[in-house]
Amino acid sequence: MKTLFLTEKEIDTAAEIIKNGGLVAMPTETVYGLAADATNGSAVKKIYSAKGRPSDNPLIVHVSSVEEIYPLVTSFPENAKKLIEAFCPGPLTIVFPKSDVIPSEISGGLDTVAIRFPSHPVARELIKASGVPLAAPSANLSGSPSPTSADHVKKDLDGRIDAILDGGECSVGLESTVITLVPEKPVLLRPGGITHEMLESVLGEVLVDPAVLNPLKEGQRVSSPGMKYKHYAPKAKVVLIKSDDNNYYKYLAEHSTGKMVALCYNEDLSNIKDIHCISYGKKDDYTEQASKLFDALRKIDEQGYELVYGRCPGTDGVGLAVYNRLIRAAGFEVIEIE
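Bear in mind that the values here come from a model prediction, so they are computed numbers and not experimental data.

Colleague: I keep staring at the packing of helix H1 (residues 11-19) against helix H5 (residues 121-130) and nothing clicks. Help me out?
Modeller: How two helices sit against one another is set out by the angle between their axes and by the gap between those axes. Contact pair H1 / H5: the axes reach a minimum separation of 8 Å and the direction vectors enclose 55°. Here H1 lies oblique to H5, going by the angle between them. Relative to H5, H1 is oriented so that their crossing is right-handed. Taken together, the residues of H5 that come into contact with H1 (itself represented by Ile11, Asp12, Ala14, Ala15, Ile18 and Lys19) are Val122, Glu125, Leu126, Ala129 and Ser130. Each residue belonging to the contact of H1 with H5 can be placed in one class, and the counts come to seven nonpolar, one polar and three charged.

Printed below as a string of structure tokens:
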């Protein structure tokens, strides 16, 4: 398959591909998504094939207006209206009970559907031009770091999809926050740019699914994208080090090898001697860490490293989302040093 490379001026071409059952990688404010007609089960199956994605991993449906949500769901809770008014369009996904419009290929066998209203103007224009809601997981090979630029998509999916629509670099850099309103109390399923604290400022108490910080229990079904045991991972082995600055530096020095790299903060670069380093942002700037994390993880493979010792971020605010991605990239291997 030849993959077309389209500019923002070629949205109509991208829309025609969608209408004909094809796949288009599109920019969003979070990461690039691999879009297909969400009402076309055959087109949605192509997403799983192109990504090598397990079929039990549900997809998020993208719409360009609140009105487009109603045909896709069987109920529209008052809490959903509150969240949409506060945070949408933006990096928030809400899980609703699904209607029959949503094919089973979207929901991974669940009776729910995850829906979001992206703020990126190119994504919204593509949805409008296509005339259908778009299923759009991250536009990468399954399990690898998500793409935050068209170049990242090209490296993973060139020759596997119909087109890549280039809309520049993504501003948020991590996938959307996912919250379900189906249970009696709202539950955060995946942290993102809309933080747990922000959700609670609108809804009151919001529970956090244990799988945000821990592996899924044996037999537990995936209820949101990003809940698999290992995800967002480079080919290199990732180990997280939870410690203060000096113990981190000491651990690196004691375990240094030629194929090792430190995934660290900007402030660490002048303190780590004779060891390769890749920074993913300032120590206390979780927003910057989120925007740079996936690019840093991709650089690890591009530069041929085999072992990564990464610093653990905090878990407040957007830090929870950064930590969530890193522990999955590491397969939950964390070394704590007192």
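Colleague: Before we go on, may I ask you to explain unusual backbone geometry in this structure?
Modeller: Excluding glycine, most residues fall at negative phi; most peptide bonds, likewise, are trans. Note that the residue after Cys88, namely Pro89, is joined by a cis bond; omega there is 0°. Residue placement: Pro89 occurs in the loop between helix H3 (78-87) and strand E5 (92-97). A positive phi is found at Asp274, a non-glycine position, where the angle reads about 60°. Mapped onto the secondary structure, Asp274 falls in the loop between strand E13 (260-264) and strand E14 (277-279). In this structure Asp274 comes out as exposed when scored by relative accessible area, which is 83%. With a phi angle near 70°, Phe332 is a residue other than glycine that sits in the positive phi range. When its relative accessible area of 18% is taken as the criterion, Phe332 is described as buried.

Reading the values: the criteria
- Position labels on residues start from 1 in each chain and follow its written sequence.
- For this predicted model, a pLDDT threshold of at least 70 governs which residues receive local features, and a threshold of 80 or more governs which side-chain atom pairs are given and counted, while totals over whole chains, interfaces and linings are taken from all residues.
- Neither water nor hydrogens contribute to the side-chain values; these are computed over all heavy atoms in the structure.
- To define axes, lines are fitted to C-alpha atoms, for helices over the stretch in contact only, and angles between the resulting N-to-C directions are given on a 0 to 180 degree scale.
- Put simply, DSSP H or I for four residues or longer makes a helix, DSSP E for two residues or longer makes a strand, and each gets a number counted from the N terminus.
- Should an angle fall under 35 degrees it is taken as roughly parallel, and over 145 as roughly antiparallel, whereas 65 to 115 is taken as roughly perpendicular and any remaining angle as oblique.
- With the far helix as reference, a near helix turned anticlockwise by less than a right angle produces a left-handed crossing, and one turned clockwise produces a right-handed crossing.
- Two residues qualify as a contact provided that any one of their heavy atoms is within 4.5 Å of a heavy atom in the partner residue.
- Classification used: nonpolar for Ala, Val, Leu, Ile, Met, Phe, Trp, Tyr, Cys and Pro, charged for Asp, Glu, Lys and Arg, polar for all others including Gly.
- The rule is simple: take the accessible area with a 1.4 Å probe, protein chains only, and divide by the maximum for that residue type; under 20% is buried, over 50% is exposed, in between is partly exposed.

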